[in-house]
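# Coordinate analysis (summary)
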Amino acid sequence: AVVSTQSTGVDRETAFAADVVAKVRAPAAAEIPLFNKNSTLISFIYPAQNSELISALQEKDMTVFGMDTVPRISRAQVFDALSSMANIAGYKAVIEAANHFGRFFTGQITAAGKIPPAKVLVIGGGVAGLSSCGTAKNMGAIVRAFDTRAAVKEQVESMGAEFLTVEIEESGDGVGGYAKEMSPEFIAAEMDLFAKQCKEVDIIITTALIPGKPAPKLITKEMIESMKPGSVVVDLAAEAGGNIETTKPGEIYEYAGVTHIGLTDFPSRQATQSSTLYGNNLSKLLLSMGKDKVHQTDMEDEVVRGACILDQGKLMYPPPPTEPSPVAAKPAAGAAVVKAPEPQPFKDTLVSSLGYTGGLGSLVLLGANAPNPAFTTMCTTFGLAGICGYHTVWGVQPALHSPLMSVTNAISGITAVGGLLVMGGGYLPTNTVQALAAAAAFVSFINIFGGFVITQRMLDMFKRPTDPAEHNYLYGIPALTFLGGYGYAASQGMADIHQMTYFAASLCCLGALGGLSSQSTARVGNALGMIGVSGGIAATVGLLEPSTEVLAQMGGAALLGGGVGATIAKNVEITSLPQLVALFHSFVGAAACLTCIATYIHDFPHLATLSNAAVLKTAIMLGTYIGGVTVTGSLVAYGKLDGKLDSAALLLPGRHAINASLLAANIAAMGVFYGAESLGTGVGMLGAITAGSGIMGYTLTAAIGGADMPVVITVLNSYSGWALCAEGFML
């Protein structure tokens, strides 16, 4: 191994004598004496193939972590150096293939003749395979891919490649993100598929590996001989024996007119990028194992336990097995067969019947105690919206989850309506209620404009140079027709146009969610979201008929907030977009809190005479509580993702008791608020609920590690929706 001393100013011996040493390759025999006793080593180790190395390190009582043994689970993705290197290898494989291929990748029609596009077959749909698919497609090739795991199909297609299948149905999902060995029947079918493809394609890239075993042979000598002269094959599994029978590991040579690339150091040929990504993997792993800036080994952490090979000389490899993919096991001869429980039709039907009875009975009870028809109408809207949202979002492709969160967050900015309804005064607010309402509208417009810009930037990441030109500006035609038609009808005093405009705006917002379910309609979905939110706000302003001064105040809040949101979303680095979604989530929560407090102060003089006072107070309490949790929880998620806060989970002593106490305090404050007879008491309790829920949002989110923040953002996105619903019932 080469140890750089230029940046650290230390020699080789001093570097290896450090308490914690991070390397790329496993240490050579000559380097082992340089390590201190009881020191820590983090590098690629491959313990199953290097038993002598492990024994030598044991004698030093060392603690050793293998970057190659980090569990391949979602929480450990940020530490997964194998995936980082595989991503680079997949990219570099295509570049090497293009370098040795005698034609263009992209097709052309010129005066000198027609040039057909190159046809590329990628075998294996893991990280390396997907990287190869994306790179080859971006270079203009026709890309096909095959994998034994059906779950890979959507990911392959999202990269623009065609997913090949065989007629035999068999799951290839194995342990740790790898494929498992298939049955002889399946192997025969896939070999027949490969034989046909070899006669058609120009370039083959293979990536198939099985942990702890030689790479499976997928391309035979006869298949290579059937390929067209000038073809290229790249074997990314060459170091493990190769997927291609004629591969020579570490060499580039030609056989039967086909160039074979069997290099085993693809990441090293992209040294700058490899060092950057590997350095990030190492630093994030070290930070996750540090608490209060002290390095420590926590064997309760499944990532640490999986990566640990030696713990102060004690052999910890292999780690406890993870749960494998479910496979139907054949019962052993003579073993007792466990029968499935006998079906109980009566019991099953009774349980189902009682569930429906409880649900329908609750609705009847709610209707019997409804304060007015508006409440039952809102319940109907709420129920139908929940059903539509569930079925719409369920079909969204995994690759579009981040843009979906961004567009739903932007739609949640419709909390601006609550602020607009309470705004008043003149060009500026004249009292506390109006100031709170203006502030709520301002932060909501930051979220709306910023959210839609973020969504557009995320969708642009999927755009390829070969994609046809887009003309999304044409969606301005339905937008102008919708808003212009509403403006004209409202100016003519058509009273029913407001409710119909709300309905149309709702359909557009629902269409936005549906559009985000597919890449082909995602940009339409973003445009529909903009139209829907604009329509809802326009209908609110039209229904209020504010004075010219108040209308100017509303316009100022919209322009100022929108300008701030759009500016932030346009100028932030593309890699920071996910955490920016979390930051904008906090604005929805803040708007909900401000609107609830402003509405309570505004309506307090009439609460004693309102028939729906109980519903109003309940909605105000829930909106304030959920909004407070959303604000601080989103800010913590943003801080952890953006590196402004420690990504390690903050496990406070007695944290469960703390959270239980905070919940009890919030419930007590809600009880006092519900019975408050003075404005000061009520506002004070709302302030206490805001503070208590804010602290809860912090403690709950801070206790979760940074690697899980994308999931936390999704949950907080749901919270902001609940806060919006509470505000809707309140208004």
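Note that the structure is predicted; figures quoted are calculated from it, not measured. (Residues numbered from 1 in each chain as written. Predicted model: local features only at pLDDT ≥ 70, side-chain atom pairs only at ≥ 80, totals over all residues. Heavy atoms only, no water.)

Regarding its fold elements, the protein presents 23 helices and 16 strands. Counting only C-alpha atoms and orienting by the principal axes, one finds that the protein spans roughly 90 × 70 × 70 Å. Expressed as a percentage of its 731 residues, the buried residues of the protein come to 42%. The long-range fraction of contacts in the protein, counting pairs at least 24 apart against all pairs at least 6 apart in sequence, stands at 70%. (Helix = DSSP H or I, 4+ residues; strand = E, 2+ residues; numbered from the N terminus. Buried < 20%, exposed > 50% of the residue type's maximum accessible area, 1.4 Å probe, protein only. Contact = heavy atoms within 4.5 Å.)

What the five strands build is an open sheet, ordered 1-2-3-15-16; its pairing is mixed. One side of each edge strand has no neighbouring strand; the edge strands of this open sheet are strand 1 (20–22) and strand 16 (314–315). Note: strand 15 (residues 308–311) against strand 16, two bridges, orientation antiparallel. Note that in strand 16 the partner of Leu310 across the bridge is Leu315. Sitting on the sheet, helix 2 (residues 51–58) is in contact with strand 2 (40–43), strand 3 (63–66), strand 15 and strand 16, with an inclination near 30° to strand 15. Docked against the sheet, helix 8 (residues 271–288) engages strand 1 and strand 2, running at close to 140° with respect to strand 2. (Pairing = 2+ DSSP bridges. Axes fitted to C-alpha atoms, helices over the stretch in contact; angles between N-to-C directions.)

Our next topic: unusual backbone geometry. Cis geometry is found at the peptide bond from Tyr317 to Pro318, where omega equals 0°. Of note in this structure, Asn38 is not a glycine but carries a positive phi near 65°. Judged by its relative accessible area of 51%, Asn38 falls in the exposed class. A positive phi angle is found at Asp61, which is not glycine, with a value near 55°. Mapped onto the fold, Asp61 is located in the loop between helix 2 and strand 3. A residue is classified by how much of its surface remains accessible, and Asp61, at 27% relative accessible area, is partly exposed.

Residues Ile537 and Ile620 are the most contacted members of the largest nonpolar core, which totals 56 residues. Among all residues touching Ile537, those that are not within four sequence positions of it are Ile414, Val417, Leu420, Phe445 and Ile448. Grouped together as the second largest cluster of nonpolar side chains are 29 residues, Val94, Leu130, Val156 and Phe266 included. (Core = buried A, V, L, I, M, F, W, Y, C linked by side-chain atoms within 4.5 Å.)

Moving on, we get to the confidence of the model for the protein. For the protein, mean pLDDT is 86; residues scoring 70 or higher make up 94% of the total. Contacts of residues 324–328 to residues separated by more than four positions or lying in other chains number three contacts, the stretch itself having pLDDT below 50. (pLDDT = per-residue confidence, 0-100.)

Here we take up the environment of Pro468. Secondary-structure assignment places Pro468 in the loop between helix 14 (432–460) and helix 15 (476–491). Taking the C-alpha atoms as reference points, Pro468 and Met500, separated by 32 residues in sequence, lie 36 Å from one another.

With that out of the way, let us pick up the packing of aromatic side chains. Under the criterion given, the structure shown has 12 aromatic pairs. Look at Phe382 and Trp722: their rings are 5.9 Å apart centre to centre, the planes differ by 55°, and that puts the pair in the tilted class. One end of the pair, Phe382, is in helix 11 (residues 373–394); the other, Trp722, is in helix 23 (residues 709–730), with 340 residues separating them in the sequence. Its relative accessible area of 35% is what places Phe382 among the partly exposed residues. (Phe/Tyr/Trp six-rings, centres within 6.5 Å; stacked < 30°, edge-to-face > 60°.)

With 24 residues, helix 22 (residues 679–702) should cover 34 Å at 1.5 Å per step; its first-to-last C-alpha distance of 34 Å lies within 8% of that length. Taken together, the buried positions of helix 22 are Gly682, Leu686, Ile689, Gly692, Ser693, Gly694, Met696, Gly697, Thr699, Thr701 and Ala702. Each element contacted by the buried residues of helix 22 is listed here: helix 19 (577–603), helix 20 (613–641), helix 21 (655–674) and helix 23. (Expected span 1.5 Å × (residues − 1).)

With respect to the helices and strands, Thr207 occurs in the loop between strand 9 (203–206) and helix 7 (221–225). What makes Thr207 buried here is its relative accessible area of 16%.

Our focus in this paragraph is the sheet that holds strand 11 (residues 252–255). The sheet built from seven strands is open, its strands ordered 8-7-6-9-10-12-11 with mixed pairing. In the strand order of this sheet, the two ends are held by strand 8 (162–164) and strand 11, each with one partner. On average, adjacent strands in this sheet sit at an angle of 20° to one another, irrespective of strand direction. Here strand 6 (residues 119–123) pairs with strand 9 via four bridges, running parallel. Of the residues in strand 9, the one forming a bridge with Val120 is Ile203.

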